[in-house]
Amino acid sequence: MTLVYAGCASHAPGITGRADQADPETRDAFYAAYDGMRADIEASGAEALIVLAAEHFANFFMDNMPSFAIGMADFYDGPIEDPAWLGIDRFRAPGNRDLSQRLISEVMQTVDVSYAEEWKIDHGIAVPLHFLTPRFDLPVIPANINCQGPPLTPLHRAWAFGEALRQAVDSVPEKIALVGTGGISHWPATPDSGKINEAWDRDFLDRWQRNDRDALLDYDDLSVYSEAGQGGFEIRTFIATSAAALGAPGTVHFYAPIPIFAVGCTIASYDLEGFPAPDST
Amino acid sequence: MSLYYVQKFLYHLNRDPAVQVAYREDPGAALASYELTDEEVEALTVPDIGLLYVLGVNGQILMHFAAFHQVAWADYLQQMRDGVAAYGPVREGVYAMTGFEGVEGAASP
């Protein structure tokens, strides 16, 4: 059992790019929660960090859109965005090609994942890395679920991908942390940016904390779009992380709508200790 | 209407510095190899952020294009709202899926 950490975090570009426009008290509490996630990952002894993202057309486009992809390189450059706009300088994050290849080979046993020997990081991964590995001293493995270009990855397949990731992680000797990143309800980059359905978010996070598979999969894209915006499609990364936790209970360490960040900012993790139970495997 | 190619050009522009240089030097030449209507070429050349939004460009692509043109965030949001007022509802793409909520749907910037 080498999955040593599993959690979820928001990645909206405003978190770093529009930091000066947010309410300082709420913003700083959110940043502190992100710092807590970093401390927990460091304490876990993780030797690599899988960032399970909902990338935004930095690598994948509608000419060849994979439902799932995992990076397989020794380094990843980012951000693709204007550094001043995002508030994050250009960087090269370390990867681990060999580890990626072993993980991908195992995931492929149950899920048809694409691999990428080149991967440009956008805000979906850059923002989490900014907080979680600010010195870029932890190998990163980017992974992705298509949350942007319909037809989208079905939710039950996102769950299957999470299970496959867990099986793969547990097949290698390295200690690995997994962080799913995305928004819950939000209408990013549209005229409705800043709108957040807090009640919807809290209901979703309740399902996530209980790690209730049936409840987490009980959504459809039309209702998600109607109630949670197109940004709500990114629940796939939360759902896959739930699956990887194999029934473990979760804790939401921080949740608060921050409209200028265009999302209900979230930091949450699963308590993996004792899961899966010995007699459940 | 060729939303796919509008977005494909922006996808290339957003991630490739060489395309950015080419576009800055000669937008028409940079756009020539894409299957675009005259309206789309003009929207990408001006640039008309509002029209691009109405044409259906995904915001995750469009906001990067706006940032590339040094459009401030609040102005980016307003240009999309102005675009809807000027050109009508979003015509295609994700935002046309269940209709457009409209300017009133925005709780805050």
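Cut-offs and rules
- Residues numbered from 1 in each chain as written.
- Chains lettered and ligands numbered in written order.
- Predicted model: local features only at pLDDT ≥ 70, side-chain atom pairs only at ≥ 80, totals over all residues.
- Heavy atoms only, no water.
- 1 Å grid on protein atoms, 1.4 Å probe; cavity = no way out; pocket = protein on both sides within 12 Å on 5 of 7 lines; lining within 4 Å.
- Points joined across faces, edges and corners; volume = space filled by probe spheres on them.
- Helix = DSSP H or I, 4+ residues; strand = E, 2+ residues; numbered from the N terminus.
- Buried < 20%, exposed > 50% of the residue type's maximum accessible area, 1.4 Å probe, protein only.
- Contact = heavy atoms within 4.5 Å.
- Nonpolar A, V, L, I, M, F, W, Y, C, P; charged D, E, K, R; others polar.
- pLDDT = per-residue confidence, 0-100.
- Pairing = 2+ DSSP bridges.
- Axes fitted to C-alpha atoms, helices over the stretch in contact; angles between N-to-C directions.

(A) Broad picture of the layout of surface pockets. All names here are of chain A. A volume near 250 Å³ is recorded for the largest pocket. Taken together, 16 residues form the lining of the largest pocket, with Leu3, Val4, Asp271, Leu272 and Glu273 sitting closest to its centre. For the lining of the largest pocket, the secondary structure elements donating two or more residues are β1 (3-9) and β10 (263-270). Looking at the lining of the largest pocket element by element, the count peaks at 4 residues for β1.

(B) Region of interest: the side chain of A:Thr133. Residue and element names in this part refer to chain A. With respect to the helices and strands, Thr133 occurs in the loop between α5 (123-132) and β7 (140-145). Overall, the relative accessible area of 2% leaves Thr133 in the buried class. Contact partners of Thr133, with chain neighbours within four places excluded, come to Leu49, Pro128 and Leu138.

(C) Geometry of empty space enclosed by the protein. Residue and element names in this part refer to chain A. Scanning all chains against the criterion turns up 3 cavities of 30 Å³ or more. Within this model, the largest cavity holds a volume of roughly 120 Å³. Along the walls of the largest cavity sit 19 residues, with Ala12, Pro13, His123, His186 and Pro188 positioned nearest its centre. Of the residues belonging to the lining of the largest cavity, the class tally is 9 nonpolar, 8 polar and 2 charged.

(D) Just the confidence of the model for chain B, in detail. With 87% of its residues at a pLDDT of 70 or more, chain B shows a mean pLDDT of 89. Contacts for the low-pLDDT stretch residues 102-109 of chain B, under 50 throughout, to residues beyond four places or in other chains number 15 contacts.

(E) View of the sheet that holds strand β6 (residues 114-116) of chain A. Residues and elements named next belong to chain A. Strands sit in the order β6-β3-β7-β2-β8-β1-β10-β9 across an open sheet of 8 strands; the sheet is mixed. The outermost strands of the open sheet, each flanked by one partner alone, are β6 and β9 (250-258). Within this sheet the neighbouring strands show an average axis-to-axis angle of 15°, counted without direction. Sheet topology note: the strand β2 (residues 48-53)/β7 ladder contains 5 bridges and is parallel. Residue Leu52 lies in a different strand from β7, and its bridge partner there is Ala143. In the packing of α5 onto the sheet, contacts are made with β2, β7 and β8 (176-181), and the angle to β2 comes to roughly 145°. Against the sheet, helix α6 (residues 155-169) contacts β1, β2, β3 (68-71), β7 and β8, and its axis sits at roughly 30° relative to β3.

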